[in-house]
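# Geometric and topological summary
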Amino acid sequence: MSGASRKTWLDHWLLRAAIPIAIGAVAMGCWELLVHVKEIPEYILPAPSVIGKTLVAEWDSLSAVWLVTLQTMFASLGLAVVGGVLLAMLFSVSRLLEISLFPHAVVLQVTPLIAIAPLIMVWLGDYPFLVLLLCAFIVSFFPILSNTVVGLKSADHNLGDLMRLYRASPWQRLRFLLVPTALPYFLAGLKIAANLALVGAVVGEFVVGPGGDKTGLASTILESSFRLDIAKMFAALALISATGIAAYLATHALSQLLLGAWHESAVRRDA
């Protein structure tokens, strides 16, 4: 099989979906077999079939807390996109502003969330949703900012000079040069930020604990651990994993939609 035909074969969407699903099914089957052969108790490691039954039986309660986690995730991601893009645009027009503020964004990013989340809880403990929102925002903001800044700086200087020569307006320069150049970088940052928003929401829920006004999947995991309801813990974990996979697929589809017709990272080639 030639390299060109092999690449075309692997690019088929059905096979690209079937291969990881098949590997996952084999892994689940091995897990199920291991639990039954070794007779591992459910309170130590439940079988996938037990987790599936628990997910169905507890769907009403799990779906309610899942919606809370999704609400935090999407709200923080929206704030990260708006704040990151706007600040990146300001950095692109003001070198002084970038030098002054970008290092602080880096410090915020490299500081472990688990270390500062308790402080956020102390300061905003009366507003649990703000704690969740801020935790998720902190970790999802930087990928949007840094990638968009790099994208805006990657615009071809010769094209910029040409647009100035033809007296293009700032709006035309933004629309026809800066946005198309920065879009692939922004979308790459969005893929990262979407799942980091989920991670931040879950970490925030662990900090707030099950006693907050709005409890999410992490709070369910905590409650289930106290009760040794390990199957429900795994069911909540399954929902978190499914959410992360869905977020990645959604952002990947968005990238293909916006870039597939023109950008080298998304254009498919037969050779």
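Residues numbered from 1 in each chain as written. Predicted model: local features only at pLDDT ≥ 70, side-chain atom pairs only at ≥ 80, totals over all residues. Heavy atoms only, no water.

Glancing now at the pattern of salt bridges. The tally for this structure, following the rule as stated, stands at four salt bridges. A salt bridge links Glu 58 to Lys 232; the shortest N-O distance between them is 3.8 Å. In this pair, Glu 58 is assigned in the loop between α3 (48-57) and α4 (59-93) and Lys 232 in helix α11 (residues 230-259), connecting sequence segments 174 residues apart. With relative accessibility at 14%, the residue Lys 232 sits in the buried group. As a salt-bridge pair, Arg 164 and Asp 161 come within 2.5 Å of each other at their nearest N and O atoms. (Salt bridge = Lys/Arg side-chain N within 4 Å of Asp/Glu carboxyl O. Helix = DSSP H or I, 4+ residues; strand = E, 2+ residues; numbered from the N terminus. Buried < 20%, exposed > 50% of the residue type's maximum accessible area, 1.4 Å probe, protein only.)

With that settled, the discussion passes to the side chain of Thr 220. Among the structural elements, Thr 220 can be located in helix α10 (residues 217-226). By relative accessible area, which is 8% here, Thr 220 ends up buried. Beyond its immediate chain neighbours, meaning those up to four positions away, Thr 220 contacts Leu 62, Val 65, Lys 232 and Ala 236. (Contact = heavy atoms within 4.5 Å.)

Before going further, it helps to spend a moment on the nonpolar core. Formed by 31 residues in total, the largest nonpolar core has its most connected members in Met 73, Leu 77, Leu 190, Leu 217 and Ile 240. Every residue in contact with Met 73, bar those within four places of it in the chain, is listed here: Ala 194, Ala 197, Leu 198, Ala 201, Thr 243 and Ala 247. With 14 residues, the next largest nonpolar core counts Ala 105, Ala 155, Met 163 and Leu 177 among its residues. (Core = buried A, V, L, I, M, F, W, Y, C linked by side-chain atoms within 4.5 Å.)

Between its first and last C-alpha, helix α7 (residues 128-153) extends 38 Å over 26 residues, near the 38 Å set by a 1.5 Å rise per residue. A bend of about 30 degrees at Ile 138 is the largest found in α7. Of all the 26 residues making up α7, 20 are buried; the element is thus mostly covered by neighbouring parts of the structure. (Expected span 1.5 Å × (residues − 1). Bend = angle between axes of the 7 residues up to and from the residue.)

This part takes up the packing of aromatic side chains. Counted according to the given criterion, the structure contains five aromatic pairs. Geometrically, the ring pair formed by Phe 91 and Phe 102 is edge-to-face, given 6.0 Å between the ring centres and 70 degrees between the ring planes. Taken as a pair, Phe 91 in helix α4 and Phe 102 in helix α5 (residues 95-110) lie far apart in primary sequence, eleven residues in all. (Phe/Tyr/Trp six-rings, centres within 6.5 Å; stacked < 30°, edge-to-face > 60°.)

A separate point is the environment of Leu 90. Mapped onto the secondary structure, Leu 90 falls in helix α4. Residue Leu 90 is classed as partly exposed on the basis of its relative accessible area of 43%. Leu 90 sits 59 residues away from Val 149 along the chain, and the two C-alpha atoms are 9.3 Å apart.

Worth remembering: the numbers are spatial, not functional.
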